[in-house]
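Structural overview for review
Spelled out, the chains give:
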Amino acid sequence: MERSSSEKKTLKVTVVQARDLTGDAAKLNAYAEVSVLDIKGKSIGKSKSTKVLKGKAPKWSDQVEFSVPARTFSGLIVQCWDKRTFRRDGFLGKITIKFNVELLESKDAIDEWYDLSNRGKKGSDNVSGAVHLKIQYGELKKKKSKAVKMPRDEGEPDRPFSDEGHKQLTASKKWDDQNIKLKDSVAVVIGEDSVDYDSDQEDSTYESIRRGPLAAALEKLNKDQKIALTNRNLEFTNNGSSYSSQYVKANVRVTNGKWYFETQMIGSGQLQVGWATDTYDLSGAGDSWMFDTSSSQILRKGANGTAYGERCSYNDVIGCSLDVQNKTICFYKNGRSLGEAWRDVNFQDGVERLVPVIGVNRQGRAKANFGPNMSHSMAAQGFHALHCSLNESDLKDLEKLFNKYKGLSPSPSPSHKHTQHRCGNNTRIIARGCGRRDPG
């Protein structure tokens, strides 16, 4: 009987665990990201991720679910990543699985270990290890199964696994291989994709996703604003004569990742807080996503307000989170979530620069907290403070980098004078007269 293309069932994927991941076990912060693929091998909808766990053999046991019509999806891509704070997440490997049509009618569940592979660019990724997945579509009845041998890359011997699995999977080289007809299995592993799914996620390991000074602070949108910035530029007062609000923005921009900051009304007035593109100004440029705490509305630039959350008042701590990859913005009142304010926000991760924006009306006074000491930490949810605080591991990495490159800079001549500038525990040495800055 022909299945309707509009009939939806739940596709459940349990990412059980991984083993032998590439990298230093003490530094790895691994998570897996699952995406559904259409019949052409392209991602559809939003990806879903597991929690972040340390080590080379994380045991996630996280289940993600997708509601998909039978005739519109054809497979999965599962990518493993090393979570990083101020750099793009490190690629640890991927698994691409194409389902045969039998899966859509099957009463069995897939329960397999899959070897991780690179992104199709030979030699570009240092990948090792495997991931245990359980996959079922609709209300399936799991079968008992025997141990299997997983296919290795071409030229390498098969490796026996003692774990319970489904049935022997046969590897294919390309997604669009029309000769994939398996009698004893409902899925195949794509060993070398014809489409580079990660072409827009090039592993630019040292490309910063946070741009700006180490110490995050506030700055005016334009120099003519009648705003007084105080307390290391973390507090501001609207000294304008009109009733309209004046806005400030952070001196830090982000292009990817998960970020959180807080603001608080410390005087009379009305407070608006949110995120904007770094081209945003009061003349009409850019875009913004704001929460008006006095009217309990969310405001998109150029659109009418929408009821959201609840009213906030003097001394309430208003938190604001941004998840660039999942395109969501949320607000919090004294640590309590007010719910998702925006989803599927129309900005391009990795391209568009986003910046915190805060506004108060006439004589209003507010302060911002960009970290490191937040009133309500969001670190457990994977969000980072905008203030750059280096931990011991980061400092060791910087020291190694310094030692690697310090011998490459020519020594200054005796005529050059050096001045030391201190910023916290960091010392910067500038060679005057030549414009050259020594490493450090």
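The model shown is predicted, which means the values in this text are computed figures rather than measured ones. (Residues numbered from 1 in each chain as written. Predicted model: local features only at pLDDT ≥ 70, side-chain atom pairs only at ≥ 80, totals over all residues. Heavy atoms only, no water.)

1. Quick look at the overall build of the protein chain
The criterion, for reference: Comment: elements are numbered from the N terminus, with helices defined as DSSP H or I runs of at least four residues and strands as E runs of at least two. For each residue, the accessible area found with a 1.4 Å probe, counting protein chains only, is set against the maximum for its type, and the residue is called buried under 20%, exposed over 50%, and partly exposed in between. Contacts are assigned to residue pairs that have any heavy atoms within 4.5 Å of one another. Only the protein chains shown count as cover for residues, and the accessible areas themselves come from Shrake-Rupley with a 1.4 Å probe.
When you go through the protein chain residue by residue, the secondary structure sums to 2 helices and 32 strands. Relative to its full complement of 440 residues, the protein chain shows a buried share of 45%. Here the contacts in the protein chain between residues at least 6 apart in sequence split such that 63% fall between residues at least 24 apart. For the protein chain, the computed accessible surface area is about 23,000 Å², with 47% contributed by carbon and sulfur atoms.

2. With respect to the environment of Leu11
Topologically, Leu11 is positioned in strand S1 (residues 8-19). Given the relative accessible area of 0%, Leu11 is considered buried. Spatially, the C-alpha atom of Leu11 lies 9.6 Å from that of Pro69, the residues being 58 residues apart in sequence.

3. Considering the sheet that holds strand S5 (residues 62-69)
Backbone-to-backbone hydrogen bonds join strands into a sheet, with any given pair of strands oriented parallel or antiparallel. The line we're drawing: Two strands qualify as a pair provided that DSSP identifies no fewer than 2 bridges between them. A fitted line through C-alpha atoms represents every axis, and for helices the fit uses only the stretch in contact; the resulting angles, taken between N-to-C directions, go from 0 to 180 degrees.
Overall, antiparallel pairing links the 4 strands, which are arranged S5-S1-S9-S8 in an open sheet. Here the strands that pair on one side only, and so sit at the sheet edges, are S5 and strand S8 (110-115). Recorded for the sheet is a direction-independent mean angle of 25 degrees between the axes of neighbouring strands.

4. Focus on the nonpolar core
Heads up, the rule is: Buried Ala, Val, Leu, Ile, Met, Phe, Trp, Tyr and Cys residues form a nonpolar core when they are joined through side-chain atoms within 4.5 Å.
Of all hydrophobic cores here, the largest spans 47 residues; its most connected members are Trp275, Phe291, Ile329, Phe331, Ile358, Phe370 and Leu386. Counting residues per element, this core draws most heavily on strand S28 (residues 354-360), which supplies 5 residues. Excluding residues that lie within four positions of it along the chain, Ile329 makes contacts with Trp275, Trp289, Cys320, Ser321, Leu322, Glu340, Ala341, Trp342 and Val345. Counting 31 residues, the second-largest nonpolar core is a separate cluster that includes Leu11, Leu21, Leu92 and Tyr137.

5. Comments concerning the packing of aromatic side chains
Applicable threshold: Here a pair means two rings of Phe, Tyr or Trp (six-membered ring of Trp) with centres within 6.5 Å. Their orientation is stacked below 30 degrees between planes, edge-to-face above 60, and tilted elsewhere.
In the structure shown here, the tally under the stated rule is 7 aromatic pairs. With a centroid separation of 5.5 Å and 75 degrees between ring planes, the pair formed by Trp81 and Phe91 is classed as edge-to-face. With Trp81 in strand S6 (residues 73-82) and Phe91 in strand S7 (residues 90-99), the pair connects residues that are 10 residues apart, well separated along the chain. The two residues Trp81 and Phe91 agree in class, both being buried. Ring geometry for Phe261 and Trp275: centres 5.5 Å apart, planes at 75 degrees, overall edge-to-face. Residue Phe261 is located in strand S20 (residues 258-265), and its partner Trp275 is located in strand S21 (residues 271-277); the two are separated by 14 residues in the primary sequence. Accessibility expressed as a relative area gives 0% for Phe261, which makes it buried. Look at Trp275 and you get buried, because its relative accessible area is 1%.

6. Re the pairing of strand S3 (residues 43-49)
Pairing between strand S2 (residues 29-38) and S3: 4 bridges, direction antiparallel. Bridge pairing in S3 places Glu33 opposite Ser49. Connecting S2 to the next strand, S3, in antiparallel fashion are 4 residues, including Gly41 with a positive phi near 85 degrees.

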